[in-house]
Amino acid sequence: MTTLYYAPGACSLAPHIVLEWIGKPYEEKRVGYQSPELLAVNPAGAVPVLDDDGFVLTQAGAILHYLARKHPEARLGGGEGLRASAELDRWSSFFTGDLHPSFFPIFMPYRYTKDKSDAAQEAVRDAGRDLVRKRLKSLNDHLEGREWILDGGRSVIDAYAFPMIRWAKGMLPEGIGAYPNLEALHDRIASDEKVKAVLAREAAEN
């Protein structure tokens, strides 16, 4: 059995959605950060974790690539061929290495300054918000004239984008109205019935 360890609101939402899109049986386990149950499968204490019949995999990008390759019939790999595979890697790296870390100063400003004053902490958050805006603009520009991030149609990369777009909607004072292509992608994914079901289940457990 495939088991996903997740935390509501985290980037583990991406493989949670992908597992629904694939449509095969799986188990879902909500865990707390640094909880004994999570540490037993990932000593780093982070989600997501995928346990696929004893093969334990961490890191959202790796999990998404694995699921796309294990289930080619779901057509979530973004297309066929070397260049399509490279584009999948490119955008996975963008979310892992560029957009996701841009939120860290907002989530955890204390990591980026030894000054514990409210003003210093807010200055770090402001810097993080500027980074997020820069990354969102890049993605919004890429989405011009597109429904999905990759040329091969809806993919695991769109699922990867979704939780981060949700974070931006909630954490940028102005929301994401300045990025209409990104907002359209968010709404397209959010309207999917399987995505609605995942969001409802995660919310119900809070």
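That block above? That's the structure.
About the criteria used
- The residue numbering used here restarts from 1 in each chain and proceeds along that chain's sequence as written.
- Only residues with pLDDT of at least 70 are given local features in this predicted model, and only at 80 or more are side-chain atom pairs given and counted; all residues enter the totals for whole chains, interfaces and linings.
- Only hydrogens and water are removed before side-chain values are computed, so all heavy atoms of the structure are retained for them.
- For two strands to count as paired, DSSP must find a minimum of two bridges between them.
- Put simply, DSSP marks the helices as runs of H or I at least four residues long and the strands as runs of E at least two long, and each gets a number from the N terminus on.
- A fitted line through C-alpha atoms represents every axis, and for helices the fit uses only the stretch in contact; the resulting angles, taken between N-to-C directions, go from 0 to 180 degrees.
- Throughout, exposure labels follow a simple rule: accessible area from a 1.4 Å probe, protein chains only, divided by the maximum for the residue type, with under 20% read as buried, over 50% as exposed, and the rest as partly exposed.
- Pairing of aromatic rings covers Phe, Tyr and the six-membered ring of Trp, with a centre-to-centre limit of 6.5 Å; geometry is then stacked below 30 degrees between planes, edge-to-face above 60, and tilted otherwise.
- By the criterion adopted, a ring carries a charge over it if an Arg CZ or a Lys NZ lies within 6 Å of its centre and within 35 degrees of its normal.
- For this analysis, a nonpolar core means a set of buried residues of the types Ala, Val, Leu, Ile, Met, Phe, Trp, Tyr and Cys, connected via side-chain atoms within 4.5 Å.
- By definition in these notes, contact holds between two residues if any of their heavy atoms fall within 4.5 Å.
- Helices are assigned an expected span. That span is 1.5 Å times one less than the residue count.
- At every residue, the bend is computed as the angle between two fitted axes, covering the seven residues ending there and the seven beginning there respectively.
- Here is the rule for angles: anything less than 35 degrees is roughly parallel, anything more than 145 is roughly antiparallel, 65 through 115 is roughly perpendicular, and the remaining ranges are oblique.
- Each residue is assigned to one of three groups, with Ala, Val, Leu, Ile, Met, Phe, Trp, Tyr, Cys and Pro labelled nonpolar, Asp, Glu, Lys and Arg labelled charged, and all others, Gly among them, labelled polar.

A word on the sheet that holds strand β3 (residues 49-52). If you trace the four strands from one edge of the open sheet to the other, you get β2-β1-β3-β4, paired in mixed fashion. The sheet is open, and its two edges are formed by β2 (27-30) and β4 (55-58), each paired on a single side. Taken over all neighbouring pairs, the strand axes of this sheet differ in orientation by 20° on average, direction set aside. Both strand β1 (residues 2-6) and β2 contribute to a ladder of four bridges, which runs parallel. The partner of Leu4 across the bridge, within β2, is Glu28.

With that settled, consider helix α1 (residues 13-22). Summarising burial for α1: 10 of the 10 residues are buried, a large majority. Taken together, the buried positions of α1 are Leu13, Ala14, Pro15, His16, Ile17, Val18, Leu19, Glu20, Trp21 and Ile22. Looking one or two places after α1, you find Gly23, whose phi comes out positive at around 85°.

Bringing the packing of aromatic side chains into the picture now. Enumeration according to the criterion identifies seven aromatic pairs in this entry. Pairing Phe95 with Tyr160 gives two aromatic rings, centres 5.6 Å apart and planes at 45°, and the pair type is tilted. With a gap of 65 residues between them, Phe95 in helix α4 (residues 82-102) and Tyr160 in helix α7 (residues 156-171) connect regions that are remote in the sequence. Among the residues examined, Phe95 registers a relative accessible area of 0% and is labelled buried. Here Tyr160 falls in the buried class, since its relative accessible area comes to 2%. Clustering of aromatic rings is evident, with ring pairs tying together Trp91, Phe94, Phe95 and Tyr160. The residue whose ring lies beneath Arg154 is Trp21, and the NZ or CZ to ring-centre distance is 3.9 Å. The side chain of Arg188 reaches across the aromatic face of Trp148, ending 5.6 Å from its centre.

One finds Val18, Phe95, Leu136 and Ile149 to be the most contacted residues of the largest nonpolar core, which totals 51 residues. Where this core is concerned, the elements lending two or more residues are β1, α1, α3 (60-70), α4, α6 (118-142), α7, α8 (180-190) and α9 (193-204). Per-element tally for this core: the top contributor is α7, with 10 residues. Residue contacts for Leu136: discarding those within four places in its chain leaves Leu99, Ala168, Leu172, Ile176, Tyr179 and Leu182.

Our next topic: α4. With 21 residues, α4 should cover 30 Å at 1.5 Å per step; its first-to-last C-alpha distance of 29 Å lies within 8% of that length. Of all the bends in α4, the greatest, near 35°, is centred on Phe95. Regarding α4, the residues found buried are Ala84, Leu88, Trp91, Ser92, Phe94, Phe95, Leu99, His100 and Ser102. Next to the buried residues of α4 lie α3, α5 (104-107), α6 and α7.

So, on to the packing of α1 against α3. For the pair α1 and α3, interaxial distance at closest approach is 10 Å and the crossing angle is 10°. With respect to α3, the axis of α1 lies roughly parallel. Contact residues: α1 offers Ala14, Pro15, Val18, Leu19 and Ile22, while α3 offers Ile63, Leu64 and Leu67. By residue class, the composition of the contact of α1 with α3 is eight nonpolar, no polar and no charged.

Along the polypeptide, His142 turns up in helix α6. Discounting chain neighbours no more than four positions away, the residues touching His142 are Trp91 and Ile149.

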